[in-house]
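Residues per chain, in single letters:
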Amino acid sequence: MEMLDVFLAVGILITVSILMTMYRVFRGPTTLDRLMATSVIGTKVVVLLVVIGYLFERPIFVDIPLTYAMLNFVGTLIVAKYIERGELWKPYT
Amino acid sequence: MEALHVVSALLMFSGVFFMIAGALGIIRFPDFYTRLHAAGKCDTLGEVLIILGFMVYEGFSFLSVKLLFLSFFILLANPVGTHALIRAAYLTGVKMWKKEESQ
């Protein structure tokens, strides 16, 4: 079993877990359920991008998951703050 | 296969196991808070284990330092996101699950 087969199996299993999480995106009862599921999918995609970079033998693609992790983190925080306070830039009282 | 490749493959498959267990928890748990409990911990551990497997496969180079930064950022950012989500849910009054309601 070569190492590329291991990378392919890991990528396929990560994709299966992403598809299992998509269930909660489609029928989450609340908005926060959908937001949690999209955040989880985003952090899974970060690892999937690393796997794809090694699978195509271009490991310098690691820069793209670094950027995507930061963007996903900021997006989750902003939407959670908006749901919590009702508007974005209301200061603490 | 060399010994280090076996070690990295074991690390990656254990990480995949944790990720699939977290996805099962996200599907099956009855409440938002318990679902977030499954999502936060299982995902963080699974991703860090997979990236650790890639670091073992890569050896000591510039790329493994980048992967170390990525795993450090995931370890820092994932609990912060979980905390923000659960604070928003608690302050906007998402109901908690009780056993009598389900019957």
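Not measured: the values here are computed from a predicted model. (Residues numbered from 1 in each chain as written. Chains lettered and ligands numbered in written order. Predicted model: local features only at pLDDT ≥ 70, side-chain atom pairs only at ≥ 80, totals over all residues. Heavy atoms only, no water.)

**What to know about the environment of Gly11 of chain A**
Residue and element names in this part refer to chain A. Turning to its location among the elements, Gly11 is positioned in helix H1 (residues 3–26). Residue Gly11 is classed as buried on the basis of its relative accessible area, which comes to 11%. Along the sequence, Gly11 and Val79 sit 68 residues apart, while their C-alpha atoms lie 29 Å from each other. Apart from residues lying up to four places away in sequence, Gly11 is in contact with Leu48 and Val51. (Helix = DSSP H or I, 4+ residues; strand = E, 2+ residues; numbered from the N terminus. Buried < 20%, exposed > 50% of the residue type's maximum accessible area, 1.4 Å probe, protein only. Contact = heavy atoms within 4.5 Å.)

**Thoughts on the confidence of the model for chain A**
Chain-level pLDDT for chain A is 88 on average; 95% of the residues reach the 70-or-more range. Mean pLDDT across the elements of chain A bottoms out in helix H3 (residues 63–85) of chain A (89) and peaks in H1 of chain A (92). (pLDDT = per-residue confidence, 0-100.)

**Examining the interface of chain A and chain B**
Each side of the interface is counted separately: chain A has 41 residues, and chain B has 42 residues. Between chain A and chain B, roughly 3,900 Å² of surface is buried when both sides are summed, and carbon and sulfur atoms account for 81% of that area. When the buried surface of chain A facing chain B is broken down by residue, Met3, Met36 and Glu84 of chain A rank first, second and third, together holding 16% of it. Counting across the chain A and chain B interface gives 7 residue pairs in polar contact (both at pLDDT 80 or more). Elements that contribute at least two residues to the side of chain A that touches chain B include exactly H1, helix H2 (31–55) and H3 of chain A. Counted by class, the side of chain A that touches chain B contains 32 nonpolar, 4 polar and 5 charged residues. (Buried area = accessible area lost by both parts, 1.4 Å probe. Polar contact = N/O pair within 3.5 Å; in protein donor to acceptor, adjacent residues only side chain to side chain. Nonpolar A, V, L, I, M, F, W, Y, C, P; charged D, E, K, R; others polar.)

**Thoughts on the pattern of salt bridges**
Tallied over the entire structure, the rule returns 4 salt bridges over all chains. Two residues, Arg35 of chain B and Asp33 of chain A, come together in a salt bridge whose shortest N-O distance is 2.6 Å. Pair noted here: Arg35 of chain B is in helix H2 (residues 32–58) and Asp33 of chain A is in helix H2, and the two residues belong to different chains. Of the two residues examined, Arg35 of chain B and Asp33 of chain A, each falls in the buried class. We note a salt bridge from Glu84 of chain A to Arg87 of chain B, for which the minimum N-O separation is 3.0 Å. Placement of the pair is Glu84 of chain A in helix H3 and Arg87 of chain B in helix H3 (residues 62–91), with the two residues belonging to separate chains. (Salt bridge = Lys/Arg side-chain N within 4 Å of Asp/Glu carboxyl O.)

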